[in-house]
Amino acid sequence: MSYNDRFIRACKKQPVDQLPVWYMRQAGRYDPEYRKIKEKYSLLEICRQPELVAEVTLMPVRKLGVDAAILYSDIMNPVASIGIDFDIVKNIGPVIHNPIRSAEDVRKLKPIDVEKDLSHILRTIEILAAQLEVPLITFAGAPFTIASYLIEGKPSKSYIRTKSLMYEEPAVWFQLMDKLGDMVIAYLKSHIASGAKAVQLFDSWVGSLSPADFGKYVFADH
């Protein structure tokens, strides 16, 4: 089987014959086959079925001829393993049923157990690694963005609860950052061990912080 490593070579700043092309959300509503699958299953229901996730991930690779595949997943998936009960609600996004509001809530968060709780994701990566002729990109949400969902309980425009915890209870905030940082590291390491060729880290909502607050409360080694 021939293997197109153009994307990986570009990531390493090595010579390439042409610029690699890939698209975030490659599996999407433009595809009639994907729309039919979404009529039957929710995003999270798809994510729990390795063979189905692999098929959805492969669809755009076959149809568009892109230079990399992107795992069909959601940044909230790993929080299920640390004790967070959530759902992805249509037209809203992640909704947390047990949001983080106190030091006790942070204390209750468990270390992630990827092999026990998220084995379906690892199995999906293994299936794709064996079938793909292009590199597989997987991803995770960065600690601040994940924290904003866990604390607010749902998507927010102001992040008032998140910033209140960050400014008023920094010790609790840093404990949460540590736990989520450990979660993300373990999660992405397991992806790489299962066959991912590149990983991305999304901090979608960190733009709500000033550079100084990002340095102090998120990026700092406290």
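This is a predicted model, so every value here is computed, not measured.

Caption draft 1: Layout of the layout of surface pockets. Counted as a void, the largest pocket has a volume near 1300 Å³. Along the walls of the largest pocket sit 33 residues, with Arg 25, Tyr 34, Leu 43, Asp 74 and Ile 88 positioned nearest its centre. Of all the secondary-structure elements, those providing two or more residues to the lining of the largest pocket are helix H2 (32–40), helix H4 (50–64), strand S2 (86–89) and strand S3 (93–96). Its residues assigned to classes, the lining of the largest pocket shows 19 nonpolar, eight polar and six charged.

Caption draft 2: Spotlight on the packing of helix H8 (residues 143–152) against helix H9 (residues 160–168). Where H8 meets H9, the closest approach of the two axes is 8 Å, and the angle between their N-to-C directions is 110 degrees. Considering the angle they form, H8 stands roughly perpendicular to H9. Between H8, through Phe 144, Ala 147, Ser 148, Ile 151 and Glu 152, and H9, the contact on the second element is made entirely by Ile 160, Arg 161, Thr 162 and Leu 165. Partitioning the contact of H8 with H9 into residue classes produces five nonpolar, two polar and two charged.

Caption draft 3: Local environment of unusual backbone geometry. Notably, Asn 91 is not glycine yet its phi reads approximately 65 degrees, a positive angle. Relative to the assigned elements, Asn 91 resides in the loop between S2 and S3. With a relative accessible area of 79%, Asn 91 lands in the exposed category. A positive phi is found at Tyr 159, a non-glycine position, where the angle reads about 55 degrees.

Caption draft 4: Quick look at the packing of aromatic side chains. Enumeration according to the criterion identifies eight aromatic pairs in this entry. Aromatic side chains Phe 174 and Tyr 217 sit 6.2 Å apart centroid to centroid with 15 degrees between the ring planes, which places their arrangement in the stacked category. With Phe 174 in helix H10 (residues 170–194) and Tyr 217 in helix H11 (residues 211–218), the pair connects residues that are 43 residues apart, well separated along the chain. Members of the aromatic cluster, connected to one another through ring pairs, are Tyr 167, Phe 174 and Tyr 217.

Caption draft 5: Fine view of the side chain of Ser 190. Residue placement: Ser 190 occurs in helix H10. Ser 190 has contacts with Val 114 and Leu 122, leaving out every residue within four places of it along the chain.

Caption draft 6: Molecular detail of the pattern of salt bridges. Tallied over the full model, the rule gives nine salt bridges. Between Glu 55 and Arg 62 there is a salt bridge; the shortest N-O distance is 2.9 Å. A relative accessible area of 53% places Arg 62 in the exposed class. Across the pair Lys 116 and Asp 117 runs a salt bridge whose closest N-O atoms are separated by 3.4 Å. Exposure remark for Lys 116: the relative accessible area of 61% places this residue in the exposed category. The partly exposed category is assigned to Asp 117, whose relative accessible area is 29%. When salt bridges that share partners are traced, they join Arg 6, Asp 17 and Asp 67 into one network.

Caption draft 7: Region of the structure containing the sheet that holds strand S5 (residues 198–202). Reading across the sheet, the three strands line up as S1-S4-S5 and stay open at both edges, with parallel pairing between neighbours. Two strands bound the open sheet, and with one partner strand each, they are strand S1 (69–70) and S5. Bridging between strand S4 (residues 136–141) and S5 involves five bridges; their strand directions are parallel. Its bridge partner lying in S5, Thr 138 is registered against Val 199. Sitting on the sheet, H10 touches S4 and S5, and the angle it makes with S4 is about 170 degrees.

Caption draft 8: Quick peek at the packing of H2 against H4. Packing of H2 against H4 leaves a shortest axis separation of 10 Å and a crossing angle of 160 degrees. When the interaxial angle is binned, H2 and H4 end up roughly antiparallel. Crossing of H2 against H4: the hand is left-handed. Facing Glu 33, Tyr 34 and Ile 37 of H2, the residues of H4 in contact are Leu 52, Val 56, Met 59 and Lys 63. Looking at the contact of H2 with H4, its residues break down into five nonpolar, no polar and two charged.

Definitions and cut-offs
- Numbering of residues starts from 1 in each chain and follows the order in which that chain's sequence is written.
- Given that this is a predicted model, residues contribute local features only at a pLDDT of at least 70 and side-chain atom pairs are listed and counted only at 80 or more, while totals for whole chains, interfaces and linings are drawn from all residues.
- Hydrogens and water are ignored here; the side-chain numbers use all heavy atoms of the structure.
- A cavity here means a set of 1 Å grid points, computed over protein atoms only, where a 1.4 Å probe fits but cannot escape. A pocket is an open set with protein on both sides within 12 Å along at least 5 of 7 lines, and lining residues have an atom within 4 Å of a point.
- Grid points are joined across faces, edges and corners, and a volume is the space filled by probe spheres set on the points.
- Each helix is a run of DSSP H or I of at least 4 residues and each strand a run of E of at least 2, with the numbering of both proceeding from the N terminus.
- Gly counts as polar in this scheme, as do all residues outside two lists: the nonpolar Ala, Val, Leu, Ile, Met, Phe, Trp, Tyr, Cys and Pro, and the charged Asp, Glu, Lys and Arg.
- In this description, a line fitted to the C-alpha atoms serves as the axis of each element, helices being fitted only across the stretch in contact, and the angle between N-to-C directions of two axes falls anywhere from 0 to 180 degrees.
- Should an angle fall under 35 degrees it is taken as roughly parallel, and over 145 as roughly antiparallel, whereas 65 to 115 is taken as roughly perpendicular and any remaining angle as oblique.
- Residue contacts follow a heavy-atom distance rule, with two residues in contact if any of their heavy atoms lie within 4.5 Å.
- Each residue gets one of three labels from its accessible area relative to the maximum for its type: buried under 20%, exposed over 50%, partly exposed in between, using a 1.4 Å probe on protein chains only.
- We call Phe, Tyr and Trp rings a pair once their centres come within 6.5 Å, taking the six-membered ring for Trp, and we label the pair stacked below 30 degrees between planes, edge-to-face above 60, and tilted otherwise.
- The salt bridge definition used is simple: a Lys or Arg side-chain nitrogen within 4 Å of an Asp or Glu carboxyl oxygen.
- Note on pairing: two strands pair once DSSP finds at least 2 bridges between them.
- Here a crossing is called left-handed whenever its near helix is offset anticlockwise from the far helix by less than a right angle, and right-handed whenever the offset is clockwise.

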